[in-house]
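# Residue-level structure breakdown
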Amino acid sequence: MIGDIFFQLSVRSVRLNFLRSILASIGIVIGVVAISTMGMLGTNMQLQVKDQLSSSANTIVITADAIRMGPPGSSPSSSSSSAETGIKKTQLNKIRTTVGTNGTVIPIYSSNTEFTSGNVPARGTIYGMDPSDVTEFLTIGNGTNIGSINEALVGYTLAESLDIKVGDKIKISSASSGPPDGSSSASRASVRIVGIIDTRGTVADSVSTDNGIVVSREWFVAQYGGKDIYDQVNVIVKDTDLIPEIEDAIDASLNTDEKTPSVRISDASSQLDTISSTLETLTTFVLAIGGISLLVAAVSIFNVMMMSVNERVQEIGILLSIGTETAEVRKMFMYEALILGILGAGIG
Amino acid sequence: MTQTPLISLVDVTKTYHLESGDFTALNHVSLDIMENDFVAIMGPSGSGKSTMMNQLGILDVPTTGNLLIEGRDVEQMTNLERTHLRRDTIGYIFQKFYLIPLLSAYENVEYPLILKNKERDKTGRASAMLDAVGIDREKSEHRPNQLSGGQQQRVAIARALVNDPKILLCDEPTGNLDRKTGLQIMEILCKLQKEGKTVILVTHDARVAEYAQRTIRLDDGRIVES
């Protein structure tokens, strides 16, 4: 092909119209870069989320099966005491019995709350759990675990944004308090931060501490009520292969009425499926945008080729008149388009 | 025994369909050109000279009537057959030379050989043709725009001759050249005719037409003198 006179003609034509050829190639470069970066972006996002979710892959999350508008504690006025939607003590005991020595059962209270650090108001989720359970799945990067009732841990992101340090005090409103304008500060209880929890990212166990606060169960119940009605129970199993078996056993033990099951049981794999499919849609969408830019690049090559053909009508006439076959002339222009495409795709 | 004409136009009419209406450029023209003829086609602008050249060079087909080359009806041929006939039988020399600007003088001459043999010329024929028309090796490396008009026309002649065609079709071959260079080109054409080529020449210039053995005059799409 290199020795082909038509290829030579194409190369020389590209060189003669160097600027135009380069511009067309840049179009392709942009298209290729766009589609590859967007593709990588999507894939990276998926990988990252899968990676983070797999860190909580050994966790089964059990919540009360009731129709809610969002995740546990998302309603502003929600608290475990105000509704009967929660895992009751009898259910918790059944779970403990079912799990046995195959894992650790962690009952967790949670609520959305308002609080102030210094005079800065903020919102976040507050979790109440046994201090001994904290270290089962959370890592305290700075400071110590909760030792007494008035101590609390704070998530890394929240600590960063509000500049909270170990030893600081923050005021947390109770469920019945008004907006964080200071008018109801009397109802606010304060806790002392003793530790900062390492960043967790996206997790499948519904405990997003990055923007939250962890307090002891006693403090939580004293502030919000709802004793022994947990928002969720996490089971950290020792062997992930046993997850389906344990889930089935809990299901059989608690959901005795098939028509109105009392708890909902989920784990990382089911959440991973949901998130993956969402991310796949997102990736496809992003790739489609990249595809459009590639299409634009293709149109620009088409445009350059049209200009090239139009400019060289006379030359084409000469070529045909001295006995060039139309297929050979076509080949010449194909080579030219190919050179532009390969040049652009190569750089891109 | 009568010889078969090399080219025959049989009652050829060529009509162009224009927005302003139909225009008949050739009107029932019949003409025989024998092998080794030297024919000059003359006539005022718009008389149909170029249309006739296009017909004789198989660059166009008649609206009605027939064009026969060596007794074969061109209309019955496929596009590819016509292309090959142009490549092998006819050499074209144009007033504006029409060399391929992206190729060197040598490559321009080599080009028809590549079309025919589908490979680069290894026989030295392209170089020999350039020598024959007086283009030296150094000049043959130049692109057409680096050559003078006379040199370009010599290259064009070399290109027309390289496939050893029977017919040389020349459209105002001296039109863009000064008188002295024009004479040199005409001498080359005369020599080629003596060597056995059939030369068909379209010209305005009566002095150029004097080289021809036969002059055909066209007016308003008809032959007025043959």
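Here the structure is a predicted model, which is why all the values come from computation and not from measurement.

### Some remarks on the overall build of chain A
When helices and strands are counted, chain A shows 10 helices and 12 strands. Of the contacts formed within chain A by residues at least 6 apart in sequence, a portion of 80% connects residues at least 24 apart.

### Things to note about the overall build of chain B
A tally of helices and strands in chain B yields 8 helices and 10 strands. In chain B, which comprises 226 residues, the share counted as buried stands at 44%.

### Brief notes about the interface of chain A and chain B
How big an interface is tends to be stated in terms of the accessible area lost upon association of its parts. The interface of chain A with chain B comprises 13 residues on the first partner and 16 residues on the second. Those elements giving two or more residues to the side of chain A that touches chain B turn out to be helix H1 (5–16) and helix H9 (313–321) of chain A. The leading source of residues in the side of chain A that touches chain B is H1(A), at 5 residues. A per-class count over the side of chain A that touches chain B returns 5 nonpolar, 5 polar and 3 charged.

### Topic: unusual backbone geometry
Positive phi is not limited to glycine here, since Asp163(A) has a value of about 55°. Mapped onto the elements, Asp163(A) comes out in the loop between helix H5 (156–162) and strand E7 (169–172). Unlike most non-glycine residues, Asp11(B) shows phi in positive territory, near 50°. Checked against the element boundaries, Asp11(B) lands in strand E1 (residues 7–18).

### Notes on the pairing of strand E11 (residues 232–237) of chain A
Residues and elements named next belong to chain A. Among the 6 residues in E11, 5 count as buried, and that is most of the element. The pairing of strand E3 (residues 103–117) with E11 spans 6 bridges and is antiparallel. Its bridge partner lying in E11, proline 107 is registered against valine 233.

### Examining the sheet that holds strand E2 (residues 21–33) of chain B
All names here are of chain B. Strand order in this open sheet of 4 strands is E2-E1-E4-E5, and the pairing throughout is antiparallel. The outermost strands of the open sheet, each flanked by one partner alone, are E2 and strand E5 (72–73). Taken together, the 5 bridges between E1 and strand E4 (residues 64–69) define a ladder with antiparallel strand orientation. Across the sheet, the residue bridging to valine 10 is asparagine 66, located in E4. Its contacts with the sheet place helix H1 (residues 49–56) against E1, E2 and E4, and it is angled at close to 120° to E1.

### Notes on the sheet that holds strand E9 (residues 214–219) of chain B
Residue and element names in this part refer to chain B. In spatial order, the strands read E6-E7-E8-E3-E9-E10; together these 6 strands make up an open sheet with mixed pairing. Unpaired on one side and paired on the other, strand E6 (90–93) and strand E10 (222–225) mark the two borders of the sheet. The sheet shows a mean angle of 25° between the axes of neighbouring strands, direction not considered. Examined bridge by bridge, E9 and E10 share 3 bridges and lie antiparallel to one another. Looking across to E10, one finds that arginine 217 is bridged to glutamate 225. Against the sheet, helix H6 (residues 149–161) contacts E6 and strand E7 (167–171), and its axis sits at roughly 170° relative to E6.

### Topic: the nonpolar core
Among the nonpolar cores identified, the biggest contains 72 residues, and Ile41(B), Ala158(B), Ile200(B) and Leu201(B) are the most heavily contacted of them. Judged by nonpolar contacts, the second largest core, of 50 residues, contains Phe115(A), Leu153(A), Val235(A) and Ile246(A).

### Here we look at H6(B)
Residues and elements named next belong to chain B. Spanning 13 residues, H6 covers 18 Å between terminal C-alpha atoms, matching the ideal 18 Å at 1.5 Å per step. Most of H6 is tucked away: 11 of the 13 residues are buried. Along H6, the positions that sit buried rather than exposed are Gln151, Gln152, Gln153, Arg154, Val155, Ala156, Ile157, Ala158, Arg159, Ala160 and Leu161. Residues of H6 that are buried sit in contact with E6, helix H3 (105–117), helix H4 (125–132), helix H5 (137–140), E7 and helix H7 (179–194).

### Some details on the pairing of E4(B)
Residues and elements named next belong to chain B. Bridge count between E4 and E5: 2 bridges; the pairing is antiparallel. Its bridge partner being in E5, leucine 68 is matched across the sheet by aspartate 73. Adjacent in sequence and paired antiparallel, E4 and E5 are bridged by 2 residues, among which glutamate 70 carries a positive phi angle near 50°.

### So, the confidence of the model for chain A
Residue and element names in this part refer to chain A. On average, residues of chain A carry a pLDDT of 82, and 90% of them reach 70 or more. When the criterion is pLDDT under 50, residues 68–83 qualifies, and its contacts beyond four places in sequence or with other chains add up to 39 contacts. Every residue in residues 176–186 scores below 50 in pLDDT, and together they form 12 contacts with partners more than four places removed in sequence or on other chains.

### A word on H9(A)
Among the residues making up H9(A), those that are buried are Ile318(A), Leu319(A) and Ser321(A). Looking at the buried positions of H9(A), the neighbouring elements they touch are helix H10 (326–347) of chain A together with helix H2 (79–89) and E6 of chain B. Where H9(A) ends, the next residue or the one after it, Gly323(A), has phi of about 105°, a positive value.

The rules behind each value
- Residues numbered from 1 in each chain as written.
- Chains lettered and ligands numbered in written order.
- Predicted model: local features only at pLDDT ≥ 70, side-chain atom pairs only at ≥ 80, totals over all residues.
- Helix = DSSP H or I, 4+ residues; strand = E, 2+ residues; numbered from the N terminus.
- Contact = placed C-beta atoms within 7 Å.
- Buried ≥ 20, exposed ≤ 12 C-beta atoms within 10 Å, placed from the backbone.
- Nonpolar A, V, L, I, M, F, W, Y, C, P; charged D, E, K, R; others polar.
- Pairing = 2+ DSSP bridges.
- Axes fitted to C-alpha atoms, helices over the stretch in contact; angles between N-to-C directions.
- Core = buried A, V, L, I, M, F, W, Y, C linked by C-beta atoms within 7 Å.
- Expected span 1.5 Å × (residues − 1).
- pLDDT = per-residue confidence, 0-100.

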